[in-house]
Amino acid sequence: MMTLSELNASDLYHACDLEQFSFETTEELESLTEIIGQRRAVEAVQFGIDINQEGYNVFVLGPSGAGKRTLVQQFLEQRAPKEPTPDDWCYVNNFDQPHKPIALRLPTGKGPQLRDDMEQLMEDVQSALSGAFESDEYRQRRQSLQERFTEQQQQAVEALQQKARERGLAFMQTPAGLAFAPLDPHGKPMSPEEVQKLSEERRQEFQAAAQEMEKEAQRIMEETPRAQRRARRELKELNHQVAEQAVKPLIDELHSHYEDHPRVLSYLEAVKGDLVDQAEELLKLQREEHEQKQPTGPAGAPIPKSVMEAALLRRYKVNVLVEHEPSEGAPVISEDHPTHQNVIGRIEHLAQMGTLIADFNLIMSGALHRANGGYLILDTYKLLSQPFVWEALKRALQSREIRIESPQEMVGLISTITLEPEPIPLDVKVVLLGPPLFFHLLNSLDPEFAELFKVPADFEIDMDRGEENTQLYTRLLGTLAQKYQLRPFHRAAVARVIEHSSRLAGDAQKLSIHMRSVADLMREADYWARQNGHEAVKVKDVQQTIDAQRYRASRQYERAQELIQRELILIDTEGATVGQINGLAVTPFGDLLFGQPHRITARVHMGKGEVIDIEREVALGGPLHSKGVLILAGFLAGRYARTQPLSLSASLVFEQSYGEVEGDSASAAELCVLLSAIAEVPLKQSLAITGSVNQHGQVQAIGGVNEKIEGFFDLCQGHHLNGEQGVLIPAANVQHLMLRQEVIDAVEAGKLHIYPLKTIDQAMEMLTGLPAGEPDEQGNYPAESLNGKISANLAELSRRRQQFLPGLGDREGD
């Protein structure tokens, strides 16, 4: 019989040696500037940032709270100030096509300068136009045009009158229009009575002359509107010349500021032409403001000043979409609410007189605009939870330009005319943060993902617990204390944090770098230090924090323990029973795990070699648990069915389990209880077992070993800790042990025993008290050994099955 050595108390906890610390409190430590424990991720991020090729954006994958965002921001904020500052971007009016605003790229600082220059230009233009159109020269030239038109009209009328006199007619203007009447010998118009006294021949002569003169008058009347139009054109040309003379020097002065920017010069030329065209409207608005009159519309309704401004002055403004300080370096933008509008940008609208208006001034930047020329950090979960953003982001990265459009336009829900801003070239590195699941799902389901995010930065959650790393970790704790303005930590408190960090990592040889958990522990320890009146955080405060965290999360765990104590859930910790064993599982609550004992039972009867997993049959067993059960069948067949068929059917179940069972960490317990049922040998109920097993009977490491041991310890304490209880764990898990002090004390006092296992035979010897037995040269086991009993019972089942179903073996082999 193999002897299985018990673990000592020293094997159950890897304490932190205080002698390695030369400080008293963390305030004596130098701040940590480098990023520890994330060499792989840092190198990946650095590679993704450095490589200047299309599609090499970065996906940082790791669990929530691991410090991904902090690492990325810290890395980029150290790097970005050393890089060139990107250009400013502005939107200006397109005077030819107002619905297609023009994007202007300007060197850093030039965007606000252009905006200020245009505002000053408009003030100067209004003054210049007012002065030009109120000058004596303009008035004289305008008066000259008006006088010339009036003179031409008068000359035409006088010529008509002279011609009428020559024909013996008087030219008169009546309310009904122009009229002609015969003249008497004295040169006065005849009355109707006098005309009637004339001879018929004379009247007909006057009538013919009057008709001829009416035609001449009609010709003159038709010429008058044409003359008026010519006069207006001449006046407009005059106004155009005067306005251009007023505006041109001001525009030419601006040209000198932007000689190296052809697109700005083209824009200024367009501004000059439009200012000349709109000079009269600008003057009208200026006069109304000076006279404090409110402008009115065609129906006489008052027009708000803002509408007039939108129609006139707003068209000459400059919308600075993105501006930078010359010395700020590349931008690092972290968008916490990545909606479509917040990432791509948006076009706002103003309500005016019952209608919505939009112009280039209402174009608002998105995170891509602000990060252009730098870096954009996005959370994948938030990004994917917003409609249309993922597709819009991919389209922007593929086309390397930012095109602002509403989601309604993207899916064709609206067809109204809206703004179509000129796209802006995009040069940005995008860093996505998310759990590994999102990375793998996107990589497998979205064919464009791998083309756009070629660099995965896989995040570590723990680091080796060596002397050098321990010293770095203490500096990390000191840096966190300074960052969050906490009390300094005493070196004993630091040691306790390091020990608990190994517990969080689930490995005595590792340190957790899950920053949220570590930072929360320190913040809460600082709270308890204040409550306890300590100037520095002591080990008592850290332990109080650990206990308080566990207590807050343990309601369900304590309720389950209570149900076991009251025997509502049946679990024995004494005696021995055939086909019954105590398995161990873990139940998560937030970031904490709690160990939960479970009774596992097995029943065996004659059959055709099946091991039925009741959990799987009722859809409560996960795939990993089902895999573990199928491995048991492979073990049985490989060890006991080499010369005879496996003629049994067995059923396995987690008793009083009402939720899903997942994982293979109970497969060792299931194999032990199955072997017990076959051999009809009782198993000690004072022992619990955890571990997975392979088809060769080797016991393999599992997770949550500390919590599983503590869960069975709590149960035994409630029943009666009599010195016989213990836990069988995989030998590979010994290096993971960081147990609670009360468990260590119980082991040291001999009240609890912990045994490391390498094979299932060792487990069965501990659970049954019988030797496992070794096969001889013919493969036969000793009759009184455990394996001998199993082989004998299986042979008996096979014999009975052959008697019960003669010839079945032949038919099964056909």
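Each value, and the rule that gives it
Residues numbered from 1 in each chain as written. Predicted model: local features only at pLDDT ≥ 70, side-chain atom pairs only at ≥ 80, totals over all residues. Heavy atoms only, no water. Helix = DSSP H or I, 4+ residues; strand = E, 2+ residues; numbered from the N terminus. Buried < 20%, exposed > 50% of the residue type's maximum accessible area, 1.4 Å probe, protein only. Contact = heavy atoms within 4.5 Å. Areas by Shrake-Rupley, 256 points an atom, 1.4 Å probe, with all protein chains shown as cover. Pairing = 2+ DSSP bridges. Axes fitted to C-alpha atoms, helices over the stretch in contact; angles between N-to-C directions. Phe/Tyr/Trp six-rings, centres within 6.5 Å; stacked < 30°, edge-to-face > 60°. Lys NZ or Arg CZ within 6 Å of the ring centre and 35° of its normal. Expected span 1.5 Å × (residues − 1). Arc of directions from axis to C-beta. Patch = residues over 30% accessible without salt bridge, like charges linked within 9 Å, V, L, I, M, F, W, Y side chains within 5 Å. Salt bridge = Lys/Arg side-chain N within 4 Å of Asp/Glu carboxyl O. Left-handed = near helix turned anticlockwise from the far one by under 90°. Nonpolar A, V, L, I, M, F, W, Y, C, P; charged D, E, K, R; others polar. pLDDT = per-residue confidence, 0-100. Core = buried A, V, L, I, M, F, W, Y, C linked by side-chain atoms within 4.5 Å.

With that settled, consider the overall build of the protein chain. Counting secondary structure elements, the protein chain contains 29 helices and 29 strands. Split into buried and exposed, the 814 residues of the protein chain put 46% on the buried side. Sequence separation of 24 or more characterises 77% of the internal contacts of the protein chain that already satisfy a separation of 6 or more. Here the protein chain has roughly 41,300 Å² of accessible surface; of this, 48% comes from carbon and sulfur atoms.

Across the sheet, 3 strands lie side by side as 3-2-6; this open sheet has antiparallel pairing. A strand with exactly one partner marks an edge of an open sheet, and here the two such strands are strand 3 (102-106) and strand 6 (319-322). Averaged over all adjacent pairs, the angle separating strand axes in this sheet is 30 degrees, with direction ignored. Where helix 7 (residues 262-277) meets the sheet, it contacts strand 2 (88-92) and strand 3, and its direction lies at approximately 135 degrees from that of strand 3.

What follows deals with the packing of aromatic side chains. In total, this model carries 15 aromatic pairs according to the counting rule given. Summarising the aromatic geometry, the rings of F449 and F453 are spaced 5.5 Å apart at their centres and angled 20 degrees between planes, so their arrangement reads as stacked. Taking relative accessible area as the criterion, F449 reaches 1% and is therefore assigned buried. Residue class for F453 comes out buried when judged on its relative accessible area of 3%. The structure contains a cluster of three or more aromatic residues connected by ring pairs, namely F59, W390, F439, F449 and F453. Seen from the ring of Y258, K110 lies directly overhead, with NZ or CZ sitting 5.1 Å from the centre. Across the ring face of Y56, the terminal group of K454 is positioned such that the distance to the ring centre comes to 5.8 Å.

Taken in spatial order, the 5 strands line up as 7-12-15-1-16 in an open sheet, and their pairing is parallel. Every interior strand has two partners, whereas the edge strands, strand 7 (332-335) and strand 16 (455-458), have only one. Neighbour-to-neighbour, the strand axes of this sheet turn through a mean angle of 20 degrees, independent of strand direction. As judged from the 5 bridges shared by strand 12 (residues 375-379) and strand 15 (residues 429-434), these two strands associate in the parallel manner. Looking at the pairing, I377 lines up with V431 of strand 15. With respect to the sheet, helix 1 (residues 39-50) is in contact with strand 1 (58-61), strand 12, strand 15 and strand 16, its orientation differing from that of strand 16 by roughly 160 degrees.

A word on helix 2 (residues 68-79). Here helix 2 is 12 residues long and its end C-alpha atoms lie 17 Å apart, about the 16 Å a rise of 1.5 Å per residue gives. Within the span of helix 2, buried status applies to K68, L71, V72, F75 and L76. Along the axis of helix 2, the buried residues cluster in a sector spanning 115 degrees; they form a single face. Next to the buried residues of helix 2 lie helix 1, strand 1, strand 7, strand 12 and strand 15.

Before going further, it helps to examine a nonpolar patch on the surface. A grouping of L437, L441 and L445 is seen on the molecular surface, where their side chains present a nonpolar patch of about 320 Å² in accessible area. On the secondary structure map, L437 appears in helix 15 (residues 436-445). We classify L437 as exposed; its relative accessible area is 54%.

It is the contact of helix 24 (residues 667-679) with helix 28 (residues 786-804), at a shortest axis distance of 8 Å, that shows an interaxial angle of 65 degrees. In the packing of helix 24 onto helix 28, the handedness of the crossing is left-handed. For the pair helix 24 and helix 28, the contacting residues are L675, I678 and A679 in the first and L786, K789, I790, N793 and L794 in the second. Considering only residue class, the contact of helix 24 with helix 28 consists of 6 nonpolar, 1 polar and 1 charged.

Per the counting criterion, the structure on display carries 39 salt bridges. Across the pair E83 and R79 runs a salt bridge whose closest N-O atoms are separated by 2.8 Å. Measuring nitrogen to oxygen at the nearest pair gives 2.5 Å for the salt bridge that ties K510 to D464. With K510 in strand 18 (residues 510-512) and D464 in strand 17 (residues 462-464), this residue pair connects regions lying 46 residues apart in the sequence. Taking the relative accessible area as the measure of exposure, K510 reaches 23% and is therefore partly exposed. What makes D464 partly exposed here is its relative accessible area of 45%. Through salt bridges with shared partners, a single ionic network connects R503, R550, E707, E710, D714, R740 and E742.

Moving on, we get to the confidence of the model for the protein chain. Across the protein chain, pLDDT averages 86, with 88% of residues at or above 70. Within the model, pLDDT remains below 50 along residues 808-814, and this stretch shows 4 contacts once partners closer than five positions in the same chain are excluded.

This part covers the nonpolar core. I581, L636 and I689 are the most contacted members of the largest nonpolar core, which totals 46 residues. Secondary structure elements with two or more residues in this core: strand 21 (592-606), helix 23 (623-640), strand 23 (648-654), helix 24, strand 25 (687-689), strand 29 (753-757), helix 27 (760-768) and helix 28. In terms of residue count, the dominant contributor to this core is helix 24 (10 residues). Among all residues touching L636, those that are not within four sequence positions of it are V611, A641, L646, L674, L675 and I678. Listed in part, the 38 residues of the second largest apolar core include L129, Y267, L283 and Y316.

We now examine unusual backbone geometry. Not every positive phi belongs to a glycine, and Q656 is a case in point at roughly 55 degrees. One can find Q656 in the loop between strand 23 and helix 24. For E680, which is not a glycine, the phi torsion comes out positive at approximately 60 degrees. On the accessibility criterion, E680 (59% relative accessible area) is exposed.

Our focus in this paragraph is helix 26 (residues 741-748). Looking at helix 26, one finds that the buried residues are V743, I744, A746 and V747. Projection of helix 26 onto a plane perpendicular to its axis shows the buried side chains occupying an angular sector of 160 degrees, all on one side. Contacts from the buried residues of helix 26 go to helix 25 (705-719) and strand 29. The first or second residue beyond helix 26 is G750, which carries a positive phi of 80 degrees.

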